[in-house]
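Chain by chain, the residues run as shown.
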Amino acid sequence: MATNSDCLFCKIASGAIPVTRLFEDEQLLAFPDINPQAPVHVLIIPKQHVGSLAHTTANEAGLLGHLLASGAEVAQQQGLVKGYRLVINTGHDGGQTVDHLHLHLLGGRHMTWPPG
Ligand code: 5GP
Ligand code: ZN
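Parameters at a glance
- Residues numbered from 1 in each chain as written.
- Chains lettered and ligands numbered in written order.
- Predicted model: local features only at pLDDT ≥ 70, side-chain atom pairs only at ≥ 80, totals over all residues.
- Heavy atoms only, no water.
- Helix = DSSP H or I, 4+ residues; strand = E, 2+ residues; numbered from the N terminus.
- Buried < 20%, exposed > 50% of the residue type's maximum accessible area, 1.4 Å probe, protein only.
- Contact = heavy atoms within 4.5 Å.
- Areas by Shrake-Rupley, 256 points an atom, 1.4 Å probe, with all protein chains shown as cover.
- Near = heavy atom within 4 Å.
- Polar contact = N/O pair within 3.5 Å; in protein donor to acceptor, adjacent residues only side chain to side chain.
- Phe/Tyr/Trp six-rings, centres within 6.5 Å; stacked < 30°, edge-to-face > 60°.
- Donors = N, O, S within 2.8 Å, 3.2 Å for Na, K, Ca; no water.
- Tetrahedral: all angles 85-135°; square planar, octahedral: opposite > 155°, others 65-115°.
- Pairing = 2+ DSSP bridges.
- Axes fitted to C-alpha atoms, helices over the stretch in contact; angles between N-to-C directions.

> When you look at the overall build of the protein chain in this model, what are you seeing that I'm missing?
A tally of regular secondary structure across the protein chain gives two helices and five strands. Taking the principal axes of its C-alpha atoms as reference, the protein chain extends roughly 35 × 30 × 25 Å. Split into buried and exposed, the 116 residues of the protein chain put 37% on the buried side. Residue pairs at least 24 apart in sequence account for 55% of intrachain contacts in the protein chain once pairs closer than 6 positions are excluded. In the structure as shown, the protein chain presents an accessible area of about 6800 Å², 54% of it carried by carbon and sulfur atoms.

Here you go:
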């Protein structure tokens, strides 16, 4: 599996940096965000290194579908029956700060629109 030894989320995926593993399968890992922006704030990442959504192609369609489906599954696991938000910040203008693809699951409060 492709990993990047300099990448924070690759270190989390490999277990080199321990986190609470809320959901895990062969392809994905979910863990709490260290700086939560809502009562529930979970990050879901591919275990393999993917720099961002902009680094994906149709070849990753299966992985991306699985990522989104897992977002819904973790939301259900977290009891977010009133709704939630899934976000993928991408690149500089998207506000991405960690260069390893991740899906934010935010819930437990009412979200406003537009985001900042
Ligand atoms: P981005 O801004 O790239 O969309 O999201 C990166 C997220 O990673 C941020 O919400 C930030 O709080 C979170 N984060 C950064 N470093 C760590 C860490 O070491 N552990 C965890 N659990 N989350 C982190
Ligand atoms: Zn990585």
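Further notes follow.
> I keep staring at the site of ligand 1 and nothing clicks. Help me out?
Inspection of the region around ligand 1 gives 16 residues, with Asp33, Asn89, Thr97, His102 and His104 positioned closest. At 3.3 Å from a nitrogen atom of ligand 1 is found a main-chain nitrogen or oxygen belonging to Ile34. His104 is positioned with one of its side-chain polar atoms (N or O) 2.8 Å from an oxygen atom of ligand 1. Burial of ligand 1 by the surrounding chains reaches 81%, relative to a free accessible area of 520 Å².

> Is there a simple way to explain the packing of aromatic side chains in this structure?
Where two aromatic rings form a pair, the distance of their centres and the angle of their planes describe that pair. A complete count under the given rule lists one aromatic pair for this structure. A ring pair is formed by Phe9 and Phe31, whose centres lie 5.6 Å apart and whose planes are at 80°; its orientation type is edge-to-face. Residue Phe9 is located in helix α1 (residues 8-14), and its partner Phe31 is located in strand β2 (residues 28-32); the two are separated by 22 residues in the primary sequence. You'll find Phe9 and Phe31 in the same group, each marked buried.

> Can you walk me through the coordination of the zinc ion (ligand 2) in this structure?
Coordination angles at a metal have ideal targets, namely 109.5 degrees for four tetrahedral donors and 90 or 180 degrees for six octahedral donors. Coordination of the zinc ion (ligand 2) by the protein is provided by Cys7 (SG), Cys10 (SG), His49 (ND1) and His100 (ND1), with metal-donor distances spanning 2.0 to 2.3 Å. Here the zinc ion (ligand 2) is ringed by four donor atoms whose angles at the metal span 103 to 115°, and the overall shape comes out tetrahedral. In the primary sequence, the donor residues of the zinc ion (ligand 2) line up as C-x2-C-x38-H-x50-H. Taken together, the residues Cys7 in the segment before α1 and His100 in the loop between β4 (84-87) and β5 (103-107) connect sequence positions 93 residues apart. His100 shares its class with Cys7; the two are buried.

> Before we go on, may I ask you to explain the sheet that holds β5 in this structure?
Backbone hydrogen bonds hold the strands of a sheet together, and the pairing may be parallel or antiparallel. Overall, antiparallel pairing links the five strands, which are arranged β1-β2-β3-β5-β4 in an open sheet. Edge positions in the open sheet fall to β1 (23-24) and β4, since each of these has one partner strand only. As paired elements, β4 and β5 share four bridges and run antiparallel to each other. Of the residues in β5, the one forming a bridge with Val87 is His104. Against the sheet, helix α2 (residues 61-77) contacts β1, β2, β3 (40-46), β4 and β5, and its axis sits at roughly 155° relative to β3.

> I'm lost on the side chain of Ser52 in this one. Help?
Within the element layout of this structure, Ser52 appears in the loop between β3 and α2. A residue is classified by how much of its surface remains accessible, and Ser52, at 4% relative accessible area, is buried. At a separation of 2.9 Å, a polar atom in the side chain of Ser52 contacts the side chain of His55.

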